[in-house]
Every structure is written in C-alpha cells, then in structure tokens.
Amino acid sequence: MSGNIVHANEHTFEQDVLQATGPVLVDYWAQWCGPCKMIEPLLEEVADEYASRLKIVKVDIDESQSLAPRYGVRGIPTLMLFRDGDVQDTRVGALSKNDLRGFIDEHL
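Residues numbered from 1 in each chain as written. Predicted model: local features only at pLDDT ≥ 70, side-chain atom pairs only at ≥ 80, totals over all residues. Heavy atoms only, no water.

### Overview of the pairing of strand 3 (residues 55–60)
Residues in a regular strand point their side chains to alternate faces of the sheet. Summarising burial for strand 3: 5 of the 6 residues are buried, a large majority. With 4 bridges connecting them, strand 1 (residues 5–8) and strand 3 associate as parallel partners. Its bridge partner lying in strand 3, histidine 7 is registered against lysine 58. Pairing analysis gives 6 bridges linking strand 2 (residues 24–29) to strand 3, with the strands arranged parallel. Directly across from valine 26, in strand 3, lies its bridge partner valine 57. (Buried < 20%, exposed > 50% of the residue type's maximum accessible area, 1.4 Å probe, protein only. Helix = DSSP H or I, 4+ residues; strand = E, 2+ residues; numbered from the N terminus. Pairing = 2+ DSSP bridges.)

As structure tokens, this is what we get:
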C-alpha cells in the first residue's frame, strides 16, 4: 500500500480532510466491495504520482458509519474531491485510471 494514502475515520476526518490545505480526494469504500478493491491499485499509483499536489484519504464506511450519510454517499466506491473543507466534485463507481486522472486534473 502506498505511504501517500491516509486512512481516516470519524475522529480524524476533520483534521485529515476538512482542515487540509490543498485538494483532498476521499475514497469511501468497504472491505466487501468488489469495485472498491478494483480501484485500490489505481488509487495507490495516483497517490504516488500526485503526492506533491493531492492528498488521498480512504474512509471505510463500515468503520465510520456517520460519514457516508453526512456526505450523501449512497453507493461505493464514491470518490469526493474536497478543497478548503468543501466538496468540489463527486464520482460514484469504479473509474479507469484515465478517468481518475481526468477527474483529479479538473480540480488541480
């Protein structure tokens, strides 16, 4: 696993995401989710490629059950791009590496 991915929970979300400087990509996922497992290697690659420009945070919705409804997450994987504590954009479902890069590049 990439050392550039942060694992957040209900207690660390504010510090890791909402108070972060610069863009933050949050991956809402679960252990049992097949598509979540499919995009994990892509997120690891992207975390290394964009390390100086983007923070990637993973939130296990089973462990942090209050965060998904708080941000309207209804399906996983859900990727949300935050900037200055606000949601800028959201994608639901597994993305290809090119689509993931495009999603990120739109907001950098």
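### Points about the sheet that holds strand 5 (residues 86–92)
With respect to topology, 5 strands assemble into an open sheet ordered 1-3-2-4-5, the strand pairing being mixed. Looking at strand neighbours, the two that pair on one side only are strand 1 and strand 5, the edges of this open sheet. Strand-to-strand twist of the sheet, defined as the mean angle between neighbouring strand axes without regard to direction, takes the value 25°. Along the sheet, helix 2 (residues 34–49) makes contact with strand 1, strand 2, strand 3 and strand 4 (78–83), crossing strand 3 at roughly 155°. Sitting on the sheet, helix 4 (residues 97–105) touches strand 2, strand 4 and strand 5, and the angle it makes with strand 4 is about 20°. (Axes fitted to C-alpha atoms, helices over the stretch in contact; angles between N-to-C directions. Contact = heavy atoms within 4.5 Å.)

### Focus on the state of the cysteines
One pass over the structure, following the stated rule, counts 1 disulfide. In this model cysteine 33 forms its disulfide with cysteine 36; the gap between the sulfur atoms is 2.4 Å. The sign of the S-S torsion, about 80°, decides the handedness of the disulfide formed by cysteine 33 and cysteine 36: right-handed. (Disulfide = S-S within 2.5 Å.)

### Describing the environment of valine 87
With respect to the element layout, valine 87 can be found in strand 5. Here valine 87 falls in the partly exposed class, since its relative accessible area comes to 35%. Here the alpha-carbon distance between valine 87 and proline 23, two residues 64 residues apart in the chain, equals 9.8 Å. Not counting residues up to four positions away in its chain, the partners in contact with valine 87 are Tyr71, Met80, Leu81 and Phe82.

### Re the packing of aromatic side chains
Under the counting rule described, the total for this entry stands at 3 aromatic pairs. Relative to phenylalanine 82, the ring of phenylalanine 13 has its centre 5.9 Å away and its plane inclined at 80°; by these criteria the two rings are edge-to-face. Linking phenylalanine 13 in helix 1 (residues 13–18) with phenylalanine 82 in strand 4, this pair joins segments that are 69 residues apart in sequence. By relative accessible area, phenylalanine 13 is classed as buried at 1%. Owing to a relative accessible area of 0%, phenylalanine 82 belongs among the buried residues under this scheme. Each ring, one from tyrosine 71 and one from phenylalanine 82, has its centre 5.4 Å from the other, and the planes form 80°; the classification is edge-to-face. (Phe/Tyr/Trp six-rings, centres within 6.5 Å; stacked < 30°, edge-to-face > 60°.)

All quantities given are derived from atomic positions and should not be read as evidence of function.
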